[in-house]
Amino acid sequence: MSAQPDHTPTAPYAPAPGAAAELLAQLRADRRAEQWVPAFERDWAKALEDARHAFSLTPLHEVVRTWQLRVGAATDVDAFMDSGRDDSDFVDLDDVLGVRP
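This structure is a prediction, so every number in the text was calculated from the model and none was measured.

(A) Region of the structure containing helix α3 (residues 58-82). With 25 residues, α3 ought to run about 36 Å at 1.5 Å a step, and its terminal C-alpha atoms sit 36 Å apart, in line with that. When α3 is considered as a whole, its buried residues turn out to be L60, E62, V63, V64, R65, T66, W67, V71 and A74. Turning to α3, the residues buried within the fold contact α1 (19-29), α2 (33-54) and α4 (93-97). Positive phi appears at G84, one or two residues downstream of α3, with a value of about 80 degrees.

The structure is reproduced here in structure tokens:
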């Protein structure tokens, strides 16, 4: 008998139960709220539908993690934009965050 679980979780961690609500409150308080809140709500609605069909919370966890990373990187992006550096050679967000399933 093995002490290891029979399955390997696809996500490195599950966000706290209230993480989505906290994240949405944080987005609403941000200066980018006009763009970010509708985008988050659209992503969340799609993830809810996907979760309902898949009987899995993974799509919801992925939305929360992706948006936590975006919010976490926002100050760095602001600093870069304020630095006056040339940003004409962009980097795809998937290259930074990794390919999501």
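(B) The nonpolar core, seen in detail. The biggest cluster of nonpolar side chains holds 18 residues, and the ones touching the most others in it are L23, L27, W36, F40 and W67. For this core, the leading source of residues is α2, giving seven residues. Leave out the neighbours within four places in its chain, and L23 touches F40, V64, W67, Q68 and V71.

(C) Focus on unusual backbone geometry. Backbone geometry at F55 places phi at a positive 55 degrees, although glycine is not the residue there. Assignment of secondary structure puts F55 in the loop between α2 and α3.

(D) Representation of the pattern of salt bridges in the model. Summed over all chains, the structure comprises eight salt bridges. Here D50 makes a salt bridge to K46, at a shortest N to O gap of 2.9 Å. Of the two residues, D50 and K46 are both situated in helix α2; the distance of four residues between them amounts to about one turn of the helix. Between E49 and R52 there is a salt bridge, with the nearest N and O atoms lying 2.8 Å from each other. Here E49 and its partner R52 are both found in helix α2, three residues apart, which amounts to about one turn of the helix. The exposure class of E49 is partly exposed, given its relative accessible area of 35%. According to the relative accessible area criterion, R52 is exposed, its value standing at 52%. Members of the salt-bridge network, linked through shared partners, are D30, R31, R32 and D78.

(E) Up close: the packing of aromatic side chains. For the coordinates displayed, the defined rule picks out three aromatic pairs. Considering the side-chain rings of W36 and W67, the 6.0 Å spacing of their centres and the 75 degrees angle between planes classify their relative orientation as edge-to-face. Within this pair, whereas W36 is found in helix α2, its partner W67 is found in helix α3, the two being separated by 31 residues in sequence. Judged on exposure class, the residue W36 and its partner W67 are both buried. An angle of 85 degrees between the planes, with centres 5.9 Å apart, marks the rings of F40 and W67 as edge-to-face. Placement of the pair is F40 in helix α2 and W67 in helix α3, with a sequence separation of 27 residues. One aromatic cluster is present, formed by W36, F40, W44 and W67 through successive ring pairs. It is R70 that lies over the ring of W67; its NZ or CZ is 4.6 Å from the centre.

Conventions adopted
- Residues numbered from 1 in each chain as written.
- Predicted model: local features only at pLDDT ≥ 70, side-chain atom pairs only at ≥ 80, totals over all residues.
- Heavy atoms only, no water.
- Helix = DSSP H or I, 4+ residues; strand = E, 2+ residues; numbered from the N terminus.
- Expected span 1.5 Å × (residues − 1).
- Buried < 20%, exposed > 50% of the residue type's maximum accessible area, 1.4 Å probe, protein only.
- Contact = heavy atoms within 4.5 Å.
- Core = buried A, V, L, I, M, F, W, Y, C linked by side-chain atoms within 4.5 Å.
- Salt bridge = Lys/Arg side-chain N within 4 Å of Asp/Glu carboxyl O.
- Phe/Tyr/Trp six-rings, centres within 6.5 Å; stacked < 30°, edge-to-face > 60°.
- Lys NZ or Arg CZ within 6 Å of the ring centre and 35° of its normal.

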